[in-house]
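Residues per chain, in single letters:
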Amino acid sequence: MIARGLLQSRLPSIPEPPVTSAAPVVGVLMGSSSDWETLQHATQILAEFGVPHEARVVSAHRMPDDMFAYAEAAAGRGLRAIIAGAGGAAHLPGMLAAKTLVPVLGVPVASRHLQGVDSLHSIVQMPKGVPVATFAIGAAGAANAALFAVALLAHDDAALREQLRAWRARQTEAARAMSAELGRAPG
Ligand code: RP5
């Protein structure tokens, strides 16, 4: 385990994370604070399940050294998954994956000009050998990446597995209730 002081000295320019746990097991990274509107859907799910996590801005093209330092320290810090969201020519998930064996879950952020199709292609089209598990563009992808991380962690955590099962059951009940709501809709 890398001492926190040492880690901080290796990551000098990463701003204070908006969400943090003393011992995070999931890292939520994004290329810009403008991605937070999307990636907060991941941290909301992780918080709901009580999964210790942290969120940080680590830009692949503006902070490449910080990105590599984060990836190299990830396993030693106890991270079990990294959710990485970026927009445009979105290199962050793939370059993190190139520097760590911790599973990287990529979230394409909707971009201004191509609505995130550029981000999706950049993240999903990893050449053979360094995989990035890629999710849907935008909020749904961020939430699903977090649910996938929960499922990974639930593999050896019976309590978390039960939480996930109950979450799915509530979702099913909410969907079943939708038919009844149709009759009550105005008009
Ligand atoms: C990417 O460029 C970020 O992931 C973000 O989606 C996009 C725009 O960044 P800003 O110009 O808003 O900082 O690196």
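All values derive from a computational prediction rather than experimental measurement.

### Digging into the sheet that holds strand 2 (residues 53-57)
With parallel pairing, five strands are arranged side by side in an open sheet as 2-1-3-4-5. Either end of the sheet is taken by a strand with one partner, and the two such strands are strand 2 and strand 5 (133-134). Here strand 1 (residues 26-30) pairs with strand 3 (residues 81-87) via five bridges, running parallel. When the sheet's bridge partners are listed, Met 30 is paired in strand 3 with Gly 85. The strands touched by helix 6 (residues 139-154) within the sheet are strand 1, strand 3 and strand 4 (104-109), with strand 4 carrying the most contacts at an inclination of about 170°.

### Some points on the site of the ligand
The immediate surroundings of the ligand are formed by Gly 31, Ser 32, Ser 34, Asp 35, His 61, Arg 62, Ala 86 and Gly 87. Gly 87 places a main-chain nitrogen or oxygen 3.0 Å from an oxygen atom of the ligand. Protein coverage of the free-state accessible area of the ligand, which is 360 Å², stands at 66%. Tallied by class, residues from the shell around the ligand come to one nonpolar, five polar and two charged.

### Remarks on the side chain of Glu 54
Mapping Glu 54 onto the fold places it in strand 2. Polar contacts involving the side chain of Glu 54 include one to the side chain of Tyr 70, which spans 2.6 Å. If near-sequence neighbours (up to four positions away) are discounted, Glu 54 is found in contact with Val 19, Thr 20, Pro 24, Val 26, Gly 27, Val 28, Tyr 70, Arg 77 and Leu 79.

Rules behind the numbers
Residues numbered from 1 in each chain as written. Predicted model: local features only at pLDDT ≥ 70, side-chain atom pairs only at ≥ 80, totals over all residues. Heavy atoms only, no water. Pairing = 2+ DSSP bridges. Helix = DSSP H or I, 4+ residues; strand = E, 2+ residues; numbered from the N terminus. Contact = heavy atoms within 4.5 Å. Axes fitted to C-alpha atoms, helices over the stretch in contact; angles between N-to-C directions. Near = heavy atom within 4 Å. Polar contact = N/O pair within 3.5 Å; in protein donor to acceptor, adjacent residues only side chain to side chain. Areas by Shrake-Rupley, 256 points an atom, 1.4 Å probe, with all protein chains shown as cover. Nonpolar A, V, L, I, M, F, W, Y, C, P; charged D, E, K, R; others polar.

Read these as layout, nothing more, since geometry by itself doesn't imply function.
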